[in-house]
Amino acid sequence: MAETGEGEPAGAGPDYSVEASGDTVLLELSGDWTGDDAGPGHEQLRDACLGQARSPRRWLLAAAEGFRWDSRTLARLYHLARAGEDRGIELDTTGLPEGMRTLLGVAHAVRAGEVESEPQPPPLARIGARWLRRYDAVLDFIAFIGDGMVALLRFASGRSHTRVRDLFYFIDQTGPRALGIVALISVLVGMILAYLGSVQLRQFGAEVYVANLVAVGMVREMGPLMTAVILAGRTGAAYAAQLGAMQANEEIDAVTTLGLSPMEYLVLPRLLALVLVMPLLVIFSDVVGLVGGALVASGMEVNFSQFLYQARDAVGLGDIATGLVKSVVFALLIATAGCQSGLMSGRSSAAVGTATTRAVVHAIVYLVAADAGLNILYDKMGV
Amino acid sequence: MPDADTHIEVRDLTLRYGSLLVQRDLNFTIRRGDVFVIMGGSGCGKSTLLKHMIGLEVPAEGEILIDGQDFFKARPREQKAMRRGWGISFQRGGLFSDLTLAENVAVPLHQYTDMPAGEMRDLIDFKLALVGLDGFGDYYPGEISGGMQKRAALARAIALDPELLFFDEPSAGLDPLSSQRLDELIVEIRDSMGGTVVIVTHELASIFSIATNAVFLDTGSKTQLDCGDPRHMLHHSDHELVRRFLSRGEYDSRDREGGS
Ligand SMILES: Nc1ncnc2c1ncn2[C@@H]1O[C@H](COP(=O)(O)OP(=O)(O)OP(=O)(O)O)[C@@H](O)[C@H]1O
Ligand SMILES: [Mg+2]
């Protein structure tokens, strides 16, 4: 019994024939398999071979006169061999050209080690396990902040490995270099607040209070939050990428084995830099936001000095303090999310990318959650 | 109790990454003064074994005793003391990329000594010269070749004259002559410090010229096939794979009968 693939003129296109005798199936390849017409895929070859004998034990591969091949042909035979292997069928390649046999042999010698698969837990347990992992991640995050605080105390007592030079370097990276983008965003946010406010307040003829709205809005809410979002994208991501690359390069291993603490040597300067710089950036953002608001308002019957005068009255020390407390909390969250996901990163360049993404996403989620929490707290405290 | 000669003892060790089994049932002893080679095919778990020995990964099962002490059962102070005596060069070097070579070598010196600055500079220059990097102190790791990075990592590893040296493929990326110089250097360091050296390497030349003891890890069975003197293993190992590895595949079973 013989079966032949789509008949092509002899000597031209790729072709094959299959023939069974006993528990051996002979697959003979012929024609030119190197052209643009790729010929039969490995599934087709496999099905053809399987269709021949009910329980084959051996597949014999052979090449006809004038058979031409390239690595696409090899790829198909490789997959064919694996399909056979999975079914316990032995593959005999003695009939193939020498070069093909060598390459197939090489490809076969290096199959990745199997990962032992653990038994799948039932669906409900899986859902539970996933939530437990989330919970663990939050605990890890809190533990990381705790470690950071311990490192900070050691630094304060002068017993730590932290290099002051690093601290200054990161302050420079985080602060002065972020002024441009913080200014741009803040001025726009100030303008947006002023527009929104003046449209609403005009209905009551209370346009002058637009200054209160912009001032309180910037100082208590938008200044800290927008600055934090900018730094999460700018600095938090950079921290994750730096530490992730160090992980890939085995630098973190080197830090540990040299007896240095990655927490003190790598994380603390970054964390401290952000915590020191962030309140200053927030104050800067508040001021620029106010100027933005004043610019808009002065185009709408409230002049510049009137606006600033009104704003000064509206903002109390309490408002400024709440904003600054927020900025410190946000800085801690951003630095922790960045450093932690960098340190947990895998050792490839793709893993570094993942770590960076995770740093930014986590930071923003934590920021918004913390902002909501703090606002509720402030409300209860009456500040 | 291990005798005084034993420096490192590996007992029933199993190495895993999560659910991936890397190696199991490892048992071997490294004597004081050995140049011990960990060999085996690519991806068999040599670097993993090394990382377990230096306390970066926790063994899934079994234990590693260094001077009779298990790193993971030691108190932090003892761990620090243990690490003080180790010099490590990683497969990818592990040099700090934001520090110059000289600053890299200075890190362990700062960490463990109170050397005056001038003396430290002299020592750093000397260590860099030892590995053939005289005058490269102000270069950053990104500005030198891969082989040079390897040597710089070596200079950092030997900064504190460690009594236990771990090298992951120290000669990868080196030309044969530099590689031979490195081998000589390793032996000299060991002789002068009276220490022990653990090396991961594929270089047969190095294995035969400096190794006093070795273990062979197998990818297929995921365990050690043989351990002992590689020169002895070359002809007398019970495993054909080990004999073929050590003879670059030129050995076959007939040679064994002829050779013995
Ligand atoms: N951090 C890791 N996480 C998960 N698996 C890992 C990790 N590092 C290594 N592996 C896996 O462990 C196995 C052993 O890797 P290892 O780096 O120890 O090999 P090796 O013997 O040093 O190889 P080479 O000679 O190529 O350096 C490999 O299968 C690898 O995929
Ligand atoms: Mg390795």
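The structure we're discussing is the one just above.
Model, not experiment: these values are computed from the prediction.

A. Looking closely at the packing of helix α7 (residues 210-248) of chain A against helix α12 (residues 349-381) of chain A. Residues and elements named next belong to chain A. Two elements in contact, α7 and α12, have axes separated by 8 Å at closest approach and are oriented at 150°. By the angle class used here, α7 and α12 are roughly antiparallel. By crossing handedness, the relation of α7 to α12 is classed as right-handed.

B. Focus on a nonpolar patch on the surface. Residues and elements named next belong to chain A. On the surface, a nonpolar cluster with roughly 470 Å² of combined accessible area is contributed by Ile283, Val287, Val291, Leu295, Phe304 and Leu308. Of all the secondary structure elements, the ones that give two or more residues to the nonpolar patch are α9 (262-298) and α10 (304-314). A total of four residues in the nonpolar patch trace back to one element, the largest contributor, which is α9.

C. Just the nonpolar core, in detail. Of all hydrophobic cores here, the largest spans 80 residues; its most connected members are Ile8, Ile38, Met53 and Phe166 of chain B. Broken down by element, the residue count for this core peaks at 14 residues, all from α9 of chain A. Discounting residues that sit within four places of it in the chain, Phe166 of chain B has contacts with Ile8, Leu50, Met53, Ile54, Trp86, Gly87, Ile88, Ser89 and Val198 of chain B.

D. Geometry of the coordination of the magnesium ion (ligand 2). Residue and element names in this part refer to chain B. Ser47 (OG) and Gln91 (OE1) make up the full set of protein donors to the magnesium ion (ligand 2), lying at 1.9 to 2.2 Å. Taken together, the residues Ser47 in helix α1 (residues 46-53) and Gln91 in the loop between β6 (86-89) and α3 (101-112) connect sequence positions 44 residues apart. For Ser47, a relative accessible area of 21% corresponds to the partly exposed category.

E. Focus on the site of ligand 1. Residue and element names in this part refer to chain B. Residues in close proximity to ligand 1 total 14 residues, the closest being Ser42, Gly43, Lys46, Ser47 and Thr48. The separation between an oxygen atom of ligand 1 and a polar side-chain atom of Ser47 is 2.6 Å. Look at ligand 1: alone it shows 640 Å² of surface, and the protein chains cover 64% of it. Only β2 (20-31) and α1 provide two or more residues apiece to the shell around ligand 1. Here the shell around ligand 1 gets three residues from one element, more than from any other, and that element is α1. Here the shell around ligand 1 is built from residues that sort into four nonpolar, seven polar and three charged.

Reading the values: the criteria
- Residues numbered from 1 in each chain as written.
- Chains lettered and ligands numbered in written order.
- Predicted model: local features only at pLDDT ≥ 70, side-chain atom pairs only at ≥ 80, totals over all residues.
- Heavy atoms only, no water.
- Axes fitted to C-alpha atoms, helices over the stretch in contact; angles between N-to-C directions.
- Helix = DSSP H or I, 4+ residues; strand = E, 2+ residues; numbered from the N terminus.
- Parallel < 35°, antiparallel > 145°, perpendicular 65-115°, else oblique.
- Left-handed = near helix turned anticlockwise from the far one by under 90°.
- Patch = residues over 30% accessible without salt bridge, like charges linked within 9 Å, V, L, I, M, F, W, Y side chains within 5 Å.
- Areas by Shrake-Rupley, 256 points an atom, 1.4 Å probe, with all protein chains shown as cover.
- Salt bridge = Lys/Arg side-chain N within 4 Å of Asp/Glu carboxyl O.
- Core = buried A, V, L, I, M, F, W, Y, C linked by side-chain atoms within 4.5 Å.
- Buried < 20%, exposed > 50% of the residue type's maximum accessible area, 1.4 Å probe, protein only.
- Contact = heavy atoms within 4.5 Å.
- Donors = N, O, S within 2.8 Å, 3.2 Å for Na, K, Ca; no water.
- Near = heavy atom within 4 Å.
- Polar contact = N/O pair within 3.5 Å; in protein donor to acceptor, adjacent residues only side chain to side chain.
- Nonpolar A, V, L, I, M, F, W, Y, C, P; charged D, E, K, R; others polar.

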